[in-house]
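# Fold and contact review
Take a look at the letters that make up each chain.
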Amino acid sequence: MIDLDDTDRAILRALARDATLSAGALGRMLGLSQPATWRRVKRLTEQGAIAGRRLNLDQAALGFGVTVFLGISLATKGRVSLEDFERAVSAIPEVQTVQHVLGLYDYRLRVVARDLSDFERVLRRRIMTLPGVGQVDANVLLSEERLPGPL
């Protein structure tokens, strides 16, 4: 675990809201100089607290109006390796995330599609034909609120 002080937490909260902030802008927000802020961000990155910066795209503006979460149980455990399934499902462009989970399902997927008929096409032609797919459960996303996290 990384030892964080209040300033480190404030930096992480600010970058979680807007990862494009420069060290100068971040420093002005927090009452630090640009070099001091840059050194802290560099240290947080080197220690692994900052694992990268991500661009959030507006899926609807790009024509992807439907997001579906799929729970997938593999039918033939042991016959198909988990790596084979993960490699095959990761090759589907509409699949945004692949999570290997413990519980009711073996995998949880986040899938985007243009509309429900497009999702049905992706489900029938691409996902249901993957090696080892057994039971599939779908949940359509109605709305989403991103929370800042525990910092």
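Right above here is the structure, for reference.
Each chain carries its own residue numbering, running from 1 in the direction its sequence is written. Note on the predicted model: pLDDT of at least 70 is required for a residue's local features to be given, and 80 or more for side-chain atom pairs to be given and counted; whole-chain, interface and lining totals, by contrast, use all residues. Excluding hydrogens and water, the side-chain figures rest on all heavy atoms present in the structure.

### Overview of the overall build of the protein
Rules: The helix and strand labels rest on DSSP assignments: H or I over at least four residues marks a helix, E over at least two residues marks a strand, and numbering proceeds from the N terminus. Within these notes, the globule rule equals 2.2 Å times the number of residues to the 0.38 power, and the radius of gyration is based on C-alpha atoms. Two residues form a contact once any of their heavy atoms are found within 4.5 Å. Surface exposure here means Shrake-Rupley accessible area, sampled with a 1.4 Å probe, where a residue is shielded only by the protein chains that are shown. The charge count treats Lys and Arg as positive and Asp and Glu as negative. His and the chain ends do not count. We put the charge of a Lys on NZ, of an Arg on CZ, of an Asp on CG and of a Glu on CD.
Secondary structure summary: the protein contains five helices and four strands in total. Along its sequence from the N terminus, the protein presents helices and strands in the succession α-α-α-β-α-β-β-α-β. In terms of C-alpha radius of gyration, the protein reaches 20 Å, well past the compact-globule figure of 15 Å for 151 residues. Projected onto its principal axes, the C-alpha coordinates of the protein cover approximately 55 × 35 × 25 Å. Within the protein, contacts between residues at least 6 apart in sequence are counted, and of these 67% link residues at least 24 apart. On the protein, roughly 10100 Å² of surface is accessible, and the fraction owed to carbon and sulfur atoms is 51%. Computing the positive centroid from 21 side-chain charges and the negative centroid from 18, the protein places the two 3 Å apart.

### Digging into the packing of helix α1 (residues 6-17) against helix α3 (residues 34-46)
Put simply, the test is: What counts as an axis is a line fitted to C-alpha atoms, over the stretch in contact for a helix, and the angles between N-to-C directions run from 0 to 180 degrees. These descriptions rest on fixed angle ranges, namely under 35 degrees for roughly parallel, over 145 for roughly antiparallel, 65 to 115 for roughly perpendicular, and the rest for oblique. Side-chain classes are defined by residue name, with Ala, Val, Leu, Ile, Met, Phe, Trp, Tyr, Cys and Pro counting as nonpolar, Asp, Glu, Lys and Arg as charged, and the others, Gly among them, as polar.
Where α1 meets α3, the axes come as close as 11 Å, and the angle between the chain directions of the two elements is 85°. Relative to α3, α1 is oriented roughly perpendicular. Of α3, the residues touching α1 (which contributes Thr7, Asp8, Ile11, Leu12 and Leu15) are Arg40, Val41, Arg43 and Leu44. Of the residues in the contact of α1 with α3, the class split is five nonpolar, one polar and three charged.

### Re the environment of Val101
By the element assignment, Val101 lies in the loop between β2 (95-100) and β3 (107-113). It is 9.8 Å that separates the C-alpha atoms of Val101 and Ile72, two residues lying 29 residues apart in sequence. With residues near it in sequence (within four places) discarded, Val101 still touches Asp106, Tyr107 and Arg108.

### A short note on the packing of aromatic side chains
To be explicit about the condition: The rule is short: rings of Phe, Tyr and Trp, with Trp giving its six-membered ring, pair when the centres are within 6.5 Å, and they are stacked under 30 degrees, edge-to-face over 60, tilted in between. Only protein chains enter the area calculation, which uses a 1.4 Å probe; residues under 20% of their type maximum are buried, those over 50% are exposed, and those in between are partly exposed. Any Lys NZ or Arg CZ that is within 6 Å of a ring centre and within 35 degrees of that ring's normal is treated as a charge sitting over the ring.
The final tally for this structure, using the stated rule, is one aromatic pair. Ring centres of Phe85 and Tyr107 lie 4.6 Å apart, and the angle between their planes is 45°; this geometry places the pair in the tilted category. Note that Phe85 is positioned in helix α4 (residues 82-90) and Tyr107 in strand β3, a separation of 22 residues in sequence. Classification of Phe85 as buried rests on a relative accessible area of 0%. The ring centre of Phe64 lies 4.5 Å from the NZ or CZ of Arg114, which sits over that ring.

### Description of the sheet that holds strand β4 (residues 133-140)
In plain terms, the rule: When DSSP finds at least two bridges between two strands, those strands are taken to pair.
Strand order in the open sheet formed by four strands is β2-β3-β1-β4, and the pairing between neighbours is antiparallel. The sheet terminates laterally at β2 and β4, the two strands that pair on one side only. Averaged over all neighbouring strand pairs, the angle between strand axes comes to 20°, with direction disregarded. Here five bridges tie β2 to β3, and the two strands are oriented antiparallel to one another. The residue bridging Thr97 from the neighbouring strand is Arg110, located in β3. Sitting on the sheet, α4 is in contact with β1 (66-74), β2, β3 and β4, with an inclination near 165° to β2. Sheet strands in contact with helix α5 (residues 116-127) are β1, β2, β3 and β4, and its direction is about 25° off that of β1.

### What to know about the pattern of salt bridges
Rule in force here: Salt bridges are identified by distance alone: a Lys or Arg side-chain nitrogen within 4 Å of an Asp or Glu carboxyl oxygen.
On inspection of all chains with the given rule, the structure shows 11 salt bridges. Across the pair Arg40 and Asp5 runs a salt bridge whose closest N-O atoms are separated by 3.1 Å. You can see Arg40 sitting in helix α3 and its partner Asp5 sitting in the segment before α1, a full 35 residues away along the chain. Looking at Arg40, the relative accessible area reads 21%, which means it is partly exposed. The residue Asp8 makes a salt bridge to Arg43 at a minimum N-O spacing of 2.7 Å. Placement of Asp8 in helix α1 and of Arg43 in helix α3 is noted, with a sequence separation of 35 residues between them. Put simply, Asp5, Asp8, Arg40 and Arg43 are held in one network by salt bridges that share partners.

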